[in-house]
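Take a look at the letters that make up each chain.
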Amino acid sequence: MKLIVAYIQPHKLNDVKEELYRSEIYKLSVTNSLGCGQQKGYHESYRGVDIEVNLLKKIRVEIAVNDEFVEPTVEAIVRGARTGEIGDGKIFVTPLEDVIRIRSGERGTDAVG
Ligand SMILES: Nc1ncnc2c1ncn2[C@@H]1O[C@H](COP(=O)(O)OP(=O)(O)OP(=O)(O)O)[C@@H](O)[C@H]1O
Ligand SMILES: [Mg+2]
């Protein structure tokens, strides 16, 4: 099992959702997030105190999947989120130890899907 965490442009969320749906990936969590990538946060000094002025609004999408769904999920996110411009986002894939469906007590691959 893997946990896929993607940071995408807010205006691409609908496209990403559509592409995921087309690939039969229906379970996801979405939160608002602030961040910066390799263009770096721009720091400004105000009365001697460093303040960050350009953390950009992004959407964080989390999807836990069984291993055979990793590539379809990544490909769907890329199809939906890509414009070719900087700031299109980034996808992280990490090992996922366990999943527990609270209602039934199912665990692992049974609980993800
Ligand atoms: N190494 C990282 N660790 C944590 N979050 C990151 C990392 N890189 C990117 N992010 C998150 O992803 C968002 C989008 O990143 P972004 O697309 O700007 O990546 P990038 O590496 O700067 O690529 P690009 O040059 O295409 O802009 C960032 O605003 C931040 O929230
Ligand atoms: Mg960037």
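Attention in this report is confined to the structure presented alongside it. (Residues numbered from 1 in each chain as written. Chains lettered and ligands numbered in written order. Predicted model: local features only at pLDDT ≥ 70, side-chain atom pairs only at ≥ 80, totals over all residues. Heavy atoms only, no water.)

### Some words on the site of ligand 1
Taken together, 13 residues sit near ligand 1, with Gln-38, Gln-39, Gly-87, Gly-89 and Lys-90 positioned nearest. A distance of 2.6 Å separates an oxygen atom of ligand 1 from a polar backbone atom of Gln-38. Calculation on ligand 1 without its partners gives an accessible area of 600 Å², and the protein chains cover 73% of this total. More than half of the atoms belonging to ligand 1 lie within 2 Å of the grid points that define the largest pocket. Per element, the largest residue contribution to the shell around ligand 1 is three residues, and it comes from strand S6 (residues 89-95). (Near = heavy atom within 4 Å. Polar contact = N/O pair within 3.5 Å; in protein donor to acceptor, adjacent residues only side chain to side chain. Areas by Shrake-Rupley, 256 points an atom, 1.4 Å probe, with all protein chains shown as cover. 1 Å grid on protein atoms, 1.4 Å probe; cavity = no way out; pocket = protein on both sides within 12 Å on 5 of 7 lines; lining within 4 Å. Sits in = over half its atoms within 2 Å of the grid points. Helix = DSSP H or I, 4+ residues; strand = E, 2+ residues; numbered from the N terminus.)

### Remarks on the pattern of salt bridges
Taken as a whole and judged by the stated rule, the model has seven salt bridges. One salt bridge in this structure joins Asp-98 and Arg-107, with 2.7 Å as the shortest N-O distance. The partner of Glu-106 in a salt bridge is Arg-101, with the nearest N and O atoms 2.9 Å apart. A residue is classified by how much of its surface remains accessible, and Arg-101, at 24% relative accessible area, is partly exposed. The network of salt bridges with shared partners includes Glu-19, Arg-22 and Arg-79. (Salt bridge = Lys/Arg side-chain N within 4 Å of Asp/Glu carboxyl O. Buried < 20%, exposed > 50% of the residue type's maximum accessible area, 1.4 Å probe, protein only.)

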